[in-house]
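Topology and contacts: notes
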Protein chains: 2
Amino acid sequence: MKKTVLRSYARLIAVAGIHVQKGQDVRILADLDQPEFVKILVEECYRAGARLVTVEWNYQPLTKVHYSKASLRALSQVPQWQQARLQHWVDTLPCVIRLLSEDPDGLCGINQEKMAKAGQKRYLVSKPYQDQMENRYQWCIAAVPGAAWAKKVFPDLPKGKAIEQLWQAILSTSRVTDDPIAAWDAHNRDLQNRCDYLNALGIRTLEYRSKNGTHLKVGMIDDAEFKGGGETSLQGIYFNPNIPTEECFISPKRGEAEGIVYSTKPLSYQGQLIENFSIRFEGGKAVEVHAQKNEALLKKMISMDEGAAYLGECALVPYDSPIRNSGLLFYNTLFDENAACHLALGMGFADTIKNYENYTLEECRAKGINDSIIHEDFMIGSEDLDIDAHTRDGRIVPIFRAGNWAF
Amino acid sequence: MKKTVLRSYARLIAVAGIHVQKGQDVRILADLDQPEFVKILVEECYRAGARLVTVEWNYQPLTKVHYSKASLRALSQVPQWQQARLQHWVDTLPCVIRLLSEDPDGLCGINQEKMAKAGQKRYLVSKPYQDQMENRYQWCIAAVPGAAWAKKVFPDLPKGKAIEQLWQAILSTSRVTDDPIAAWDAHNRDLQNRCDYLNALGIRTLEYRSKNGTHLKVGMIDDAEFKGGGETSLQGIYFNPNIPTEECFISPKRGEAEGIVYSTKPLSYQGQLIENFSIRFEGGKAVEVHAQKNEALLKKMISMDEGAAYLGECALVPYDSPIRNSGLLFYNTLFDENAACHLALGMGFADTIKNYENYTLEECRAKGINDSIIHEDFMIGSEDLDIDAHTRDGRIVPIFRAGNWAF
């Protein structure tokens, strides 16, 4: 991949992604796959005004070793110095860039129970710090190709070619054009215009219909809002949390979903694919599921906790999104969720409530935001998907026709 | 390189190198060059009883970026959480493995003044913690091939071949045989026997003579001792700080060096080679230097501070050491200093004083241990080097003849 193109991508992440402010620190979380790109990204963060840029390297294969060899006790601890570091982040609010490149199958066979238990214990300690930082700093998730990931997406290509192809796919779907920052400005304006239009309708219910059998009605929370593209932190700084992103999304009202949906892409869960499945909802809850492959796993997933059978997200993505048009399955949610309209089972997003900063999390949940340990996106978009909005004032407004925006 | 051989090397580092104790933590400091080997090393540390193994990854090219782009102020800080981490290490005394693999020319062109100033400021904060850990934990420096380093040692080979050749050179000089741990036991016994012999002589002065013109007398501190191979921490744990090591070394008495030495290998300093040089000493001090290449740099080096013109180390290494026999210049002190007898200008080692733990650093310096910000090894060994010991009871005992041990 040409250096000038990579630098353009790095600049997009530093300037439009985290929108780093002069004198602000930056943390970059990266795997070992693309150190040369990380170096360029560090340079662009400094160029954009960062005070100090720190890279926290991760090597996925070591995660498996630790969860195999170290004790649950050792893995569960958050020593005092790490709490001091969390406090440092609360005090200084550094930007966070997370560069994804992991092998989609890299954690297959890991001791999941041990990992979950240790994670929960560490979470108990770190949560108060995370809550203090919530929505106060800029962050951005973007991707770079790892070798194993590239081979998964392009299994027939040799390693070098596969990495090059995955770079191409990442950069084109991330709108790294001649002027990516201008392209993202235009893209964000488009997403915001659509969200504004949707939010002005006063939607009571979304109704999904497709020839594949999908017919589902989902209720909306009165003061929830569609969001998409860039966000503004509580410090007032506009940033782009996901590169790429194509969706306008909202959290629906827990308890209000009736009908059936058919998946249009496999769902990857715990390292396995659940394929060709349907979910029937009654009173907001998934009451019946079928799957041609891994039906038992799907049943296990929706019974993880009480909220796992309820919806947490409705996301609208046109069928001719750049990612769907690439024809690729990325095996990575950052991309695949932007290939088609999707729903998510599990946790909803409290920040889709208008002026959410004035409410407690409990108040947001009382309004209908679902809560769960899971948040699993699954694709329902297709080339014949129609979506209608039933508005609070009794109109029926077409939102999607034949898989694409109807307005 | 075969996995079984790499595992054998990793086990050597974990078991004989740091000699990790059951329940002890381990820190591994590594560059990004050989992650697969780092994984094997982590596994072997756990297998040897480690509680938790942490890898601190470093990417050398970023060092140059930071010292170019960040402010001196930002680079000089040791935030509170890093001090808490230092305190954590003081409290838990983890073993430290440093895996060298850097490009010998990787920091060429870095802003050295800025790096030195920032380092000095951070050192002011970290020193009290480091002093509390001094000699209380086990550590080990070993090497793995980085691509740029391999290309420097084998400039005519393609990258993959060069890395493979450097692996071979590292493993053979590090005694990774069928049973490396037994080989190191035997090697340590040999080094200890030689040190015991030297220490029993009661040496007053070492006299170096070579046909290249070298004729130098260096005075010894009365209660200093030759050391070599494994060491014992103040916690009583035997470990091997350097893999490989071939030297018996001592710190000479500051102020007692008379005569001239001629270098037998280039000295790499600040990314440049000083070649074919001589140093004349009077009253312990380097008073006259000549070099065919980079004489000005050598003059700058010995005037870094007052102690930079005085000797800090005399190390005895036979001419037919495995490293010299490899015929390679490694461009890395861990190896090159074990290829030939050498001296060092600058800081001496207080722990070469017998029962040094009973003295303050100031008392050790009063005995004649030199102090300086530099410690620069330079090679003086040759195939015709003779060394005699003048003992306190008036004998002259041959130590080296024709470049090799005389006993």
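Let me begin by describing the structure that accompanies this report. (Residues numbered from 1 in each chain as written. Chains lettered and ligands numbered in written order. Predicted model: local features only at pLDDT ≥ 70, side-chain atom pairs only at ≥ 80, totals over all residues. Heavy atoms only, no water.)

1. Quick word on the overall build of chain A
The cut-off we apply is this: Working definition: helices are DSSP H or I runs of at least four residues, strands are E runs of at least two. Numbering for both runs from the N terminus. Exposure categories follow from relative accessible area, calculated using a 1.4 Å probe and restricted to protein chains: below 20% of the type maximum is buried, above 50% is exposed, and the middle band is partly exposed. Whether two residues are in contact is decided by their heavy atoms, any of which lying within 4.5 Å being enough. All accessible areas in this document rest on Shrake-Rupley with a 1.4 Å probe, and a residue is counted as covered only by the protein chains that are shown. A positive count includes Lys and Arg, and a negative count includes Asp and Glu. His and the chain ends are not counted in either. Where a charge lies is defined by one atom per residue type: Lys uses NZ, Arg uses CZ, Asp uses CG and Glu uses CD.
The helix and strand tally for chain A stands at 13 helices and 19 strands. Summarising its shape, the C-alpha atoms of chain A cover approximately 55 × 50 × 50 Å along the three principal directions. A buried classification covers 53% of the 407 residues belonging to chain A. A fraction of 74% describes how many contacts in chain A between residues 6 or more apart in sequence connect residues 24 or more apart. A total of about 17400 Å² of accessible surface is found on chain A, and carbon and sulfur atoms cover 48% of it. Side chains of chain A give 47 positive and 52 negative charges; the mean places of these two sets differ by 5 Å.

2. A closer look at the environment of Tyr331 of chain B
All names here are of chain B. On the secondary structure map, Tyr331 appears in the loop between α11 (322–325) and α12 (333–336). The exposure class assigned to Tyr331 is partly exposed, which follows from its relative accessible area of 30%. A sequence separation of 65 residues divides Tyr331 from Pro266, and the C-alpha atoms of the two residues are 9.5 Å apart. Residues in contact with Tyr331, not counting those within four places in the same chain, are Pro104, Lys152, Val153, Leu273 and Asp336.

3. Thoughts on the pairing of strand β14 (residues 311–316) of chain A
All names here are of chain A. The following threshold applies: The rule for pairing is simple: two strands pair if DSSP sees at least two bridges between them.
Among the six residues in β14, six count as buried, and that is most of the element. In this structure, strand β9 (residues 248–250) lies alongside β14, joined through three bridges in antiparallel fashion. Opposite Cys248, over in β14, you have Leu316 as the bridge partner.

4. Quick notes on the interface of chain B and chain A
Put simply, the rule reads: As used here, buried area is the combined drop in accessible area, with a 1.4 Å probe, of two parts when they are placed together. When a carboxyl oxygen of Asp or Glu is within 4 Å of a side-chain nitrogen of Lys or Arg, the pair counts as a salt bridge. Counting of polar contacts relies on pairs of N or O atoms within 3.5 Å, with two restrictions inside protein: one atom must be capable of donating a hydrogen and the other of accepting it, and residues adjacent in sequence are counted only when both atoms are side-chain atoms.
Across the contact, 27 residues belong to chain B and 27 residues belong to chain A. Together chain B and chain A conceal approximately 2500 Å² of surface at their shared face, both sides included; 77% is due to carbon and sulfur atoms. Where chain B meets chain A, there are zero salt bridges. Summed over the shared surface of chain B and chain A, the result is four residue pairs in polar contact (both at pLDDT 80 or more). Going through the elements one at a time, α2 (35–47), β2 (53–58), α3 (60–69), α4 (72–76) and α5 (80–92) of chain B are the ones with two or more residues in the side of chain B that touches chain A. At six residues, the largest contribution of residues to the side of chain B that touches chain A is made by α2 of chain B.

5. Comments concerning the sheet that holds strand β1 (residues 26–31) of chain A
Residue and element names in this part refer to chain A. Our working rule: Between N-to-C directions, angles cover 0 to 180 degrees, with each direction set by a line fitted to C-alpha atoms, over the stretch in contact for helices.
Reading across from one edge, β2-β1-β3-β4 is the order of the four strands in this open sheet, with parallel pairing throughout. Only two strands of the sheet have a single neighbouring strand rather than two, namely β2 (53–58) and β4 (139–143). Going across the sheet, the axis of each strand differs from the next one's by a mean of 15°, ignoring polarity. Where strand β3 (residues 95–100) lies against β4, five bridges are found, and the strand directions are parallel. Paired with Arg98 across the strands is Ile141, a residue of β4. Strand contacts of helix α2 (residues 35–47): β1, β2 and β3, with the helix running at about 160° to β2, the strand carrying the most contacts.

6. Concerning unusual backbone geometry
Following Ile243 of chain A, the chain continues into Pro244 of chain A via a peptide bond in cis, with omega recorded as 5°. Position of Pro244 of chain A among the secondary structure elements: in the loop between β8 (238–239) and β9. Of note, the phi angle at Asn276 of chain A is positive, near 45°, even though the residue is not glycine. Note that Asn276 of chain A resides in strand β12 (residues 272–282). Given the relative accessible area of 47%, Asn276 of chain A is considered partly exposed. The backbone phi angle of Ala402 of chain B is positive, close to 50°, even though this residue is not glycine. Locating Ala402 of chain B in the fold gives a position in the loop between β18 (396–401) and β19 (404–405). Residue Ala402 of chain B is classed as partly exposed on the basis of its relative accessible area, which comes to 44%.

7. What to know about the layout of surface pockets
Cut-off, in case you're wondering: Only protein atoms enter the 1 Å grid, on which a cavity is a set of points fitting a 1.4 Å probe that cannot get out and a pocket is an open set with protein on both sides within 12 Å along at least 5 of 7 lines, lining residues being those with an atom within 4 Å of a point. Grid points are joined across faces, edges and corners, and a volume is the space filled by probe spheres set on the points. Three categories are distinguished: nonpolar for Ala, Val, Leu, Ile, Met, Phe, Trp, Tyr, Cys and Pro, charged for Asp, Glu, Lys and Arg, and polar for the others, with Gly belonging to the last.
Its volume calculated, the second largest pocket comes out at about 1300 Å³. Lining the second largest pocket are 44 residues, and of these Leu32, Asp33 and Pro35 of chain A together with Leu32 and Asp33 of chain B lie nearest its centre. Contributions of two or more residues to the lining of the second largest pocket are made by α2, α3 (60–69), α7 (147–153) and α8 (159–173) of chain A together with α2, α3, α7 (147–153) and α8 (159–173) of chain B. Here the residues of the lining of the second largest pocket are counted per class, giving 18 nonpolar, 11 polar and 15 charged.

8. As for the relation of the copies chain B and chain A
For the record, the criterion: All copies are superposed by least squares; the fitting set is the C-alpha atoms of residues with a pLDDT of at least 70 in both.
For the pair chain B and chain A, the superposition axis carries a translation of 0.0 Å, the fit reaches an RMSD of 0.2 Å, and the rotation angle comes to 179°. Both chain copies can therefore be described as sitting about a two-fold axis. It is Trp81 of chain B whose C-alpha, among those of chain B, lies nearest the rotation axis, at 2.9 Å. Residue by residue, 100% of the interface of chain B is reproduced at the interface of chain A, so both copies engage with the same surface.

9. Describing the pattern of salt bridges
Residues and elements named next belong to chain A. On inspection of all chains with the given rule, the structure shows 52 salt bridges over all chains. Of the charged contacts, one joins Arg27 and Glu56 as a salt bridge, the two residues approaching to 2.7 Å between their closest N and O atoms. Here Arg27 is found in strand β1, whereas its partner Glu56 is found in strand β2, with 29 residues between them in sequence. Judged by relative accessible area, which is 14%, Arg27 ranks as buried. A salt bridge links Glu102 to Arg98, with the nearest nitrogen and oxygen atoms 3.4 Å apart.

10. A few points about the side chain of Thr205 of chain B
As for its placement among the helices and strands, Thr205 of chain B is situated in strand β5 (residues 203–209). Apart from the residues within four sequence positions on either side, Thr205 of chain B is in contact with Lys217, Val218, Gly219, Asp388, Ala389 and His390 of chain B.

11. Notes on the side chain of Glu337 of chain B
Relative to the assigned elements, Glu337 of chain B resides in the loop between α12 and β15 (342–346). For the buried residue Glu337 of chain B, which engages in no salt bridge, the nearest side chain bearing the opposite charge is Arg175 of chain B, 12 Å off.

12. Describing the nonpolar core
Soluble globular proteins tend to bury their nonpolar side chains together. What counts here: Residues enter a nonpolar core if they are buried and are Ala, Val, Leu, Ile, Met, Phe, Trp, Tyr or Cys, with the set joined through side-chain atoms within 4.5 Å.
Tyr9 of chain A together with Tyr9 of chain B are the most contacted members of the largest nonpolar core, which totals 122 residues. Not counting residues up to four positions away in its chain, the partners in contact with Tyr9 of chain B are Phe37, Ala142, Ala143, Val144, Trp167, Ile170, Leu171, Ser174, Val176 and Ile243 of chain B.

13. Things to note about the pairing of strand β5 (residues 203–209) of chain A
Residues and elements named next belong to chain A. For β5, the tally of buried residues reaches five of seven residues, placing the bulk of the element in the interior. Alignment of β5 against strand β17 (residues 386–391), held across six bridges, turns out to be antiparallel. Residue pairing in the sheet places Leu206 in a bridge with Ala389 of β17. Of the strand pairs in this sheet, β5 and strand β6 (residues 215–220) are connected by five bridges, and their pairing is antiparallel.

On their own, these measurements won't tell you what the molecule is for.
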